[in-house]
Amino acid sequence: MGLKAGIVGLPNVGKSTLFNAITNSHVEAANYPFATINPNTRIVEVPDERLDFLVNVFKPERTIPATIEFYDIAGLVRGASKGEGLGNQFLSHIRECDAIVEVVRCFNNSDIIHVEGDVDPIRDIEVINLELVMADLETVTRRIEKIENKARILKDKESVMEMSCLTPLKEALTNGIAARNVPLTQEQEEVVYSYHLLTKKPIIYVANVGEEDLLDINKCENFLKVKEYATKEHNEVIPVSCEIESQLSELSKEEKIEFLKDLGIETSGLSQLIKATYKLLNLSTFFTVGADECRAWTFPNGYSAPKCAGIIHTDFERGFICAEVYTYEAIHELGSELAVKEAGKMRTEGKGYFPKDGDIMFFKFNVSGKK
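Starting afresh in each chain, residues are numbered from 1 along the sequence in its written order. Side-chain atom pairs in this predicted model are given and counted only at pLDDT of 80 or more, local residue features only at pLDDT of at least 70, and totals for whole chains, interfaces and linings cover all residues. Computation of side-chain values: all heavy atoms of the structure, hydrogens and water removed.

Trainee: Honestly, the overall build of the protein in this entry has me stumped. Any pointers?
Mentor: Secondary structure follows DSSP: runs of H or I at least 4 residues long count as helices, runs of E at least 2 residues long count as strands, and numbering of each begins at the N terminus. The helix and strand tally for the protein stands at 15 helices and twelve strands. Exposure categories follow from relative accessible area, calculated using a 1.4 Å probe and restricted to protein chains: below 20% of the type maximum is buried, above 50% is exposed, and the middle band is partly exposed. Out of the 371 residues belonging to the protein, those deemed buried represent 50%. Two residues qualify as a contact provided that any one of their heavy atoms is within 4.5 Å of a heavy atom in the partner residue. Partitioning the contacts of the protein with sequence separation of at least 6, the portion at a separation of at least 24 is 69%. What sets the accessible areas is the Shrake-Rupley method with a 1.4 Å probe; for residues, cover comes only from the shown protein chains. Counting only carbon and sulfur atoms, one obtains 49% of the accessible surface of the protein, whose full area is about 18,700 Å².

Structure follows, in structure tokens:
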């Protein structure tokens, strides 16, 4: 399954610098508003040390990691939902994304202008979030205008159902409350999904701090403000130095490890961001391995074994027989698949099994007499 994350924020907060770094691409990162007009998109490999280990064990002909597609959305400003700046055309680009990554400027640098005049991360967050709310309010209001009479006068069943969702959504959005905070039934959730509301999407804040701040993050006042704000929202904030990430993007894997070690940092901002995105979207990874291919597959937690098989191919789900399963921890400890089998740590699971993060799986299926 392909994941999509939209990177948003005010102009000059480091969005495009972050995008360049995490995708190792080179889009314009200029010191003026609206340097990004069309959304830049790149597919990024998900770094996973488990896949690296499996590749060393199986020596496959090809390796296929899991991926995330990042969208770099042009900087938003006050009034974007009403067309200010380049307006709604930007907001439309993230309606199809699974999650929103909101970059917040937490560094001070007089050489880089701030569209609001000074650095104030909470104000910036509230500006962006209000624009997302107002864009959703417009979407909901237009839909109400279209179906209200059908629901009220004609008592059309589907329209009545929609109005039961739209009415509380409009009330919340009018009061500046995000759609994700409106309690809905499962049936209503399914209806609302088709609206692709921006504030229904889960959000991660990326606090773009200076290099010196990253080295002692708990002394960075602006980061602590964002952390407190995110905690109240039950959201996560990732401290990142976009400048450091930019430097890392130019290095080999071995050089990155050394660079981070010299800085006293355990993992890169990209790794933290991707792990946080997986957690936010309740996703995990299973692996398929062999001499031909080692591959990481992303799946939603709670998927059954047949559902996971269907991610590989619909025939696998349709003709599912069973899955041979062992854990990554088992092969990491024992060193080979043969050793895992001999230790009795490989098992056969049926349709009622729900895979766990790190499972290594081989699916058996039968469709039209074929195995």
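Now that the structure is up, let's keep going.
Trainee: Would you mind going over the sheet that holds strand S1 (residues 3-8) with me for this structure?
Mentor: In space, the six strands of this open sheet follow the order S2-S4-S1-S5-S6-S7, with mixed pairing throughout. For this open sheet the edge positions go to strand S2 (40-45) and strand S7 (236-240), each flanked by a neighbour on one side alone. When the angles between neighbouring strand axes are averaged without regard to direction, this sheet yields 25 degrees. Lines fitted to C-alpha atoms define the axes, with helix axes restricted to the stretch in contact, and inter-axis angles between N-to-C directions lie between 0 and 180 degrees. Packing against the sheet, helix H4 (residues 121-152) makes contact with S1, strand S5 (99-105) and strand S6 (203-208), and its axis sits at approximately 145 degrees to S5. Against the sheet, helix H11 (residues 269-280) makes contact with S1, S2, strand S4 (67-72), S5, S6 and S7, and its axis sits at roughly 170 degrees relative to S7, the strand it touches most. Note on pairing: DSSP must find at least two bridges between two strands before they are called paired.

Trainee: Sorry if this is basic, but what is going on with the packing of aromatic side chains here?
Mentor: Within 6.5 Å between ring centres, the rings of Phe, Tyr and Trp (the latter by its six-membered ring) count as paired, and their orientation is classed by plane angle as stacked under 30 degrees, edge-to-face over 60, tilted in between. Tallying each qualifying case throughout the model produces seven aromatic pairs. Ring geometry for Phe286 against Phe299: centres 5.7 Å apart, planes inclined by 50 degrees, an arrangement best described as tilted. Separated by 13 residues along the polypeptide, Phe286 in strand S8 (residues 283-288) and Phe299 in strand S9 (residues 293-300) bring together distant segments of the chain. Look at Phe299 and you get buried, because its relative accessible area is 0%. Taken together, the ring pairs in this structure connect Phe286, Trp297, Phe299, Phe320 and Phe363 into an aromatic cluster. Working rule: Lys NZ or Arg CZ, within 6 Å of ring centre, within 35 degrees of ring normal, means a charge sits over the ring. Directly above the aromatic system of Trp297 lies the positively charged group of Arg295, at a separation of 3.9 Å from the ring centroid. Directly above the aromatic system of Tyr303 lies the positively charged group of Lys307, at a separation of 5.7 Å from the ring centroid.

Trainee: Even after reading the chapter, I still don't get the nonpolar core, so can you show me in this structure?
Mentor: Nonpolar side chains tend to gather and get buried jointly when the protein is soluble and globular. Think of a nonpolar core as a cluster: buried Ala, Val, Leu, Ile, Met, Phe, Trp, Tyr and Cys residues, connected wherever their side-chain atoms sit within 4.5 Å. Residues Ile68, Phe70, Ile94, Tyr205, Val209, Tyr278 and Ile331 are the most contacted members of the largest nonpolar core, which totals 69 residues. When residues of this core are assigned to their parent elements, the largest contribution, six residues, is made by H4. Leave out the neighbours within four places in its chain, and Phe70 touches Ala5, Ile7, Phe19, Ile22, Asn40, Thr41, Arg42, Val44 and Leu273. Residues Ala151, Leu169, Leu184 and Tyr195 belong to the second largest nonpolar core, which totals 19 residues.

Trainee: Whenever I open this one, the pairing of S4 confuses me. Can you help?
Mentor: Look at any regular strand and the pattern is simple: side chains alternate between the two faces of the sheet. Burial within S4 is extensive, with five of its six residues counted as buried. Sheet analysis places S1 next to S4, joined by five bridges and oriented parallel. Bridge pairing links Ala5 to Phe70 in S4. In this structure, S2 lies alongside S4, joined through six bridges in antiparallel fashion.

Trainee: Quick question: what am I supposed to make of the pattern of salt bridges here?
Mentor: Side chains bearing opposite charge may pair, as long as their charged atoms lie close to each other. Put simply, a salt bridge is a Lys or Arg side-chain nitrogen that is within 4 Å of an Asp or Glu carboxyl oxygen. In this structure the tally under the stated criterion is 17 salt bridges. Residues Glu162 and Arg143 are paired through a salt bridge, measuring 2.7 Å at the closest nitrogen-oxygen approach. Highlighted residues: Glu162 in helix H5 (residues 157-174) and Arg143 in helix H4, separated in sequence by 19 residues. Taken together, the shared-partner salt bridges connect Asp48, Arg50 and Asp357 into one network.

Trainee: Mind showing me how you'd approach the layout of surface pockets here?
Mentor: By rolling a water-sized probe across the atoms, one finds the places where empty space is left. Space inside the largest pocket adds up to approximately 940 Å³. Points on a 1 Å grid, built from protein atoms alone, make a cavity when a 1.4 Å probe fits but cannot get out and make a pocket when they are open with protein on both sides within 12 Å along at least 5 of 7 lines; residues with an atom within 4 Å of a point are the lining residues. What lines the largest pocket is a set of 30 residues, among which Pro47, Lys253, Lys256, Leu270 and Ser271 lie closest to the centre. Secondary-structure elements contributing two or more residues to the lining of the largest pocket are helix H1 (15-23), S2, helix H2 (49-58), helix H9 (242-248), helix H10 (253-263) and H11. If you tally residues by element for the lining of the largest pocket, the top one is H10, at four residues. Nonpolar residues are Ala, Val, Leu, Ile, Met, Phe, Trp, Tyr, Cys and Pro. Charged residues are Asp, Glu, Lys and Arg, and all others, Gly as well, are polar. Residue composition of the lining of the largest pocket, by class: 13 nonpolar, eight polar and nine charged. Grid points are joined across faces, edges and corners, and a volume is the space filled by probe spheres set on the points.

Trainee: Would you mind going over empty space enclosed by the protein with me for this structure?
Mentor: Applying the stated criterion across every chain, the model contains three cavities of 30 Å³ or more. Here the largest cavity is characterised by a volume of approximately 50 Å³. Considering the residues around the largest cavity, the lining is formed by Leu214, Pro239, Val240, Ser241, Ile244, Glu245, Leu260, Ile265, Thr267, Ser268, Gly269 and Gln272. The set of elements that each furnish at least two residues to the lining of the largest cavity consists of S7, H9 and H11. A class-by-class count of the residues in the lining of the largest cavity yields six nonpolar, five polar and one charged.

Trainee: Before we go on, may I ask you to explain unusual backbone geometry in this structure?
Mentor: Where the residue is not glycine, phi is negative for most of them; where a peptide bond is considered, it is trans in most cases. The backbone of Asn12 shows a phi angle near 65 degrees, a positive value even though the residue is not glycine. You can see Asn12 is positioned in the loop between S1 and H1. For Asn12, a relative accessible area of 14% puts it in the buried group. At His196, a position not held by glycine, the phi torsion is positive, near 55 degrees.

Fair warning: the whole summary comes from geometry, so function is off the table for now.
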